[in-house]
Structure formats: structure tokens, C-alpha cells
Amino acid sequence: MNLTDKQLQYLADRYFDGLTSEEEEQRLRQLLADSSVTGSTADELRAVMSYAAMTPPAPTLRSRERRHSRLGAIASTAAAVTVAVGIGVSVMLSGSPDSRTECMAFVDGNRIADPDAVMAIMEADLREFGEATDAVDSEISSDFSILSDAINQSSTTEP
Amino acid sequence: MNRKILTVLIIMLLLPAALHAQSGLNINRVFKPAYRDLPGATETIIEDARLRKQSLSFYHSITFTGQAELGPTIERLVSADGSKALSKEVNYKSGHLYYGFYRLKPSDGENRYILYLNGHLAGDNRILLIYLEGKATPEQVKKMIK
């Protein structure tokens, strides 16, 4: 693996985990803009980043708003980190799977916590998969039917 | 809020999902922020008593609407995990994986399944990837989806 491949893999891992800085993302785009950079990782990144580019960037703030926003962000971040650490630790310490409970969905970046709504999404996904299963089973039945007809036909024409 | 901090928070909230046997699979990549945050993406995570009546303990899905170019990439990851499956039912269209129902090796006494559907290959515009864990047999999972 040459230096470019190593750099690409390193940046790809960070990108998929949502950890890249703006400079790293810029470096990633430069690498991907080079058509000589090929491979499954490069293909995957090009596909994902092209769709990610469709998401509008967050609006920029004026300096005073940015300062107030920063103070508020520090306070809310400190609170949220405390909660998240608490959740993470309690999950890691909980012995029985039965003690864990989670029911959420993310739709276009928006979190849905209503269990009924989340279960409805699950049921719709399974129903969609079920319809495809029926379609595939139907194709197989049709293929067997064609084969059966062909075999029967050849049996009747054999001397 | 700083994007990195927010990402760390989301990762910590999703820690239970990462602790599952799913974390060692190739498809785990598709459940990461870069995919989850794409426009038109929906991720669902359920580890709740409501799954018990279907003999499941964990449900994790992600769907993409209107993003046909993701198909080949996700297909490659699904196929990599599927190559080690105990059993599989697959259907290809135009040389690409349209439908996949894989039963993976159990982990910690739980059966594991990957369900994959690329609707773009059949006139639809959705890609569907589902990971299941639980005591449910393949027949029970099939009954659940029909």
C-alpha cells in the first residue's frame, strides 16, 4: 500500500465515523479528484460524498452571535456530555440485555423517539422487504413452471 | 454545538448498537455517520421489549431514498458478510444484487440475519438494509416479513 492509499484509508475511516476536520475533508476531496486514485474505498467515498454535498451547509453567524452561541454551546455540551457519559457507562455496566432498551429512528437527521412511530417505520421496512420476497418467490415459481412445461414437452416428443 | 463533540455524543448514545455482534460485520460501515447523515437516509434502532413477541432482541435498519449510486458499494459490503453466511437466498437483476436474505453464524446464542433490498433494480427508488438479532428461526423471520 503506497502513501496515497494509506492516507486515503486513514481519512476514509475518519470520514465514515464523522470525525474529519474541514482540512481533512478538503484533503480527501483533493485525493478523490485525482482520477488515478482508484479502488473500492475511493469508489465508496465518491458515491457517499457526492450525496453528502447535496446537504446545505450550516449558516454562519456574526461575531457577537458566535460568542453567545459559543458560551451557550459550551454549557449545553457540558450537560450533554455528562448525560451521554452516564448513559454509556450504565449501558456498559448493565449485565442483562433485558435491562437495555432503545427505540429510536433518525429521519433526514431528525431524531424520532416516539416508540409507536419507530415501530411503524420498522413494520413498513419489513413489509417492503416482504413484498420483494413474494415477488422473488413468484419469479422462482414461474421459472419452475416454464422448466416443467419444457420437460413435459420434451418427454412427449421423445421416441 | 461543535460538530465533533456532537458526533462523539451520538456515538455514545449509539454505543449499545456498537456493542452488538453487528460491530464485526462489513455492513457496520453503512450505519456510520457518513451514510446515516446523507439526505433521504433513515436509520432505525430498536432494542426493546416490543421485539420479544417476534423472538427478536435487536433490530437495526437503514434505508436510502433516491440514491441509486450507493447500491454497488452497499452490495459489496453485504456480499462480503454474506459470503460467510450459514444460508442465503439471493436474487440478482442486471448483474447486481437485488435481494438478499442471509442467516449468519450465531453469536452469544443469538441468531443473526441480514436482509438487503436494492429497489432501484426493480423500478423502485429505495435501498433497504436490515440487521436482526434474536432467537427467531429463519422461518419465523420469513413469517414476520410476509
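Below, the structure is looked at part by part.

Reading guide: rules and limits
- Residues numbered from 1 in each chain as written.
- Chains lettered and ligands numbered in written order.
- Predicted model: local features only at pLDDT ≥ 70, side-chain atom pairs only at ≥ 80, totals over all residues.
- Heavy atoms only, no water.
- Helix = DSSP H or I, 4+ residues; strand = E, 2+ residues; numbered from the N terminus.
- Buried < 20%, exposed > 50% of the residue type's maximum accessible area, 1.4 Å probe, protein only.
- Axes fitted to C-alpha atoms, helices over the stretch in contact; angles between N-to-C directions.
- Parallel < 35°, antiparallel > 145°, perpendicular 65-115°, else oblique.
- Left-handed = near helix turned anticlockwise from the far one by under 90°.
- Contact = heavy atoms within 4.5 Å.
- Nonpolar A, V, L, I, M, F, W, Y, C, P; charged D, E, K, R; others polar.
- Expected span 1.5 Å × (residues − 1).
- Arc of directions from axis to C-beta.
- Phe/Tyr/Trp six-rings, centres within 6.5 Å; stacked < 30°, edge-to-face > 60°.
- Lys NZ or Arg CZ within 6 Å of the ring centre and 35° of its normal.
- Pairing = 2+ DSSP bridges.
- Core = buried A, V, L, I, M, F, W, Y, C linked by side-chain atoms within 4.5 Å.

## As for unusual backbone geometry
- A positive phi angle is found at Asp108 of chain A, which is not glycine, with a value near 50 degrees.
- Within the secondary structure layout, Asp108 of chain A lies in the loop between strand E1 (102-107) and strand E2 (110-112).
- Of the residues examined, Asp108 of chain A reaches a relative accessible area of 47% and is grouped as partly exposed.
- Positive phi is not limited to glycine here, since Ser94 of chain B has a value of about 50 degrees.
- With respect to the element layout, Ser94 of chain B can be found in the loop between strand E3 (87-93) and strand E4 (96-107).
- Judged by its relative accessible area of 70%, Ser94 of chain B is exposed.

## What to know about the packing of helix H1 (residues 3-16) of chain A against helix H2 (residues 22-33) of chain A
Residue and element names in this part refer to chain A.
- As a packed pair, H1 and H2 sit with axes 10 Å apart at the nearest point and diverge in direction by 130 degrees. On the basis of their axis angle, the class for H1 and H2 is oblique. For the crossing formed where H1 meets H2, the hand is left-handed. Between H1 and H2, the residues in contact are Thr4, Gln7, Leu8, Tyr10, Leu11, Arg14 and Tyr15 and Glu24, Glu25, Arg27, Leu28, Leu31 and Leu32, respectively.
- A breakdown of the residues in the contact of H1 with H2 according to their chemical character gives seven nonpolar, two polar and four charged.

## Structural notes on H1 of chain A
- For H1 of chain A, built from 14 residues, the straight-helix expectation of 20 Å at 1.5 Å per residue is met to within 8% by its first-to-last C-alpha distance of 20 Å.
- Considered for burial, the residues of H1 of chain A that qualify are Leu8, Leu11, Ala12, Tyr15 and Phe16 of chain A. The arc that holds the buried residues of H1 of chain A, viewed along the axis, is 125 degrees, so those residues lie on one side. Residues of H1 of chain A that are exposed and angled more than 90 degrees away from the buried face: Leu3 and Lys6 of chain A.
- Those residues of H1 of chain A that are buried lie in contact with H2 and helix H3 (40-52) of chain A together with helix H3 (33-36) of chain B.

## A look at the packing of aromatic side chains
- For the structure on display, the rule yields six aromatic pairs over all chains.
- Note on Phe129 of chain A and Tyr99 of chain B: the rings are 5.0 Å apart at their centroids and 15 degrees apart in plane angle, and the pair reads as stacked. Residue Phe129 of chain A is found in helix H5 (residues 115-157), and its partner Tyr99 of chain B is found in strand E4; the two belong to separate chains.
- Residue classification places Tyr99 of chain B among the buried positions, given a relative accessible area of 1%.
- Three or more aromatic residues joined by ring pairs make a cluster, and in this case those are Tyr15 and Phe16 of chain A together with Tyr35 and Phe64 of chain B.
- For the cation-ring pair, Arg36 of chain B lies above Phe106 of chain A, with the distance from its terminal atom to the ring centre recorded as 5.6 Å.
- Note that Lys142 of chain B overlies the ring of Phe101 of chain B, its terminal NZ or CZ placed 5.1 Å from the centroid.

## Brief notes about the sheet that holds strand E6 (residues 126-134) of chain B
- If you walk across this open sheet you meet the eight strands as E2(A)-E1(A)-E1(B)-E2(B)-E6(B)-E5(B)-E4(B)-E3(B), and the pairing is antiparallel. Edge strands, defined here as strands with exactly one partner in the open sheet, are E2 of chain A together with E3 of chain B. Strand after strand, the sheet turns through a mean of 10 degrees between neighbouring axes, direction not considered.
- When E1 of chain A meets E2 of chain A, the two strands line up antiparallel, connected through three bridges. Across the sheet, Phe106 of chain A pairs through a bridge with Arg111 of chain A, a residue of E2 of chain A.
- In the packing of helix H5 (residues 138-145) of chain B onto the sheet, contacts are made with strand E2 (56-65), E3, E4, strand E5 (110-118) and E6 of chain B, and the angle to E4 of chain B comes to roughly 135 degrees.

## Observations regarding the pairing of strand E1 (residues 41-47) of chain B
All names here are of chain B.
- With respect to burial, E1 is a largely interior element, seven of its seven residues being buried.
- Going residue by residue along E1, you find Ala41, Glu43, Ile45 and Glu47 tucked away on one face and Thr42, Thr44 and Ile46 tucked away on the opposite face as well.
- Strand direction decides the pairing type here: E1 and E2, joined by six bridges, are antiparallel. Bridging from a neighbouring strand, Ile46 pairs with Tyr59 of E2.

## Quick notes on the nonpolar core
- If you look at the biggest cluster of nonpolar residues, it comprises 40 residues, and the most contacted ones within it are Phe64, Leu70, Ile74 and Leu129 of chain B.
- The residues contacting Ile74 of chain B, other than those within four sequence positions of it, are Val30, Tyr35, Phe64, Tyr116, Ile127 and Leu129 of chain B.
- Listed in part, the 27 residues of the second largest apolar core include Ala105 of chain A together with Leu56, Ile130 and Ala136 of chain B.

## Things to note about the pairing of E6 of chain B
All names here are of chain B.
- In terms of burial, E6 is largely enclosed, as nine of its nine residues are buried.
- Two strands pair when backbone bridges link them, and E2 and E6 are joined in this way by nine bridges, in the antiparallel orientation. Across the sheet, residue Ile62 finds its bridge partner in E6, namely Leu129.
- Bridge count for E5 against E6 is eight bridges, and the pairing is antiparallel. Paired with Leu115 across the strands is Ile130, a residue of E6.

Any functional reading would require information that these geometric values do not contain.
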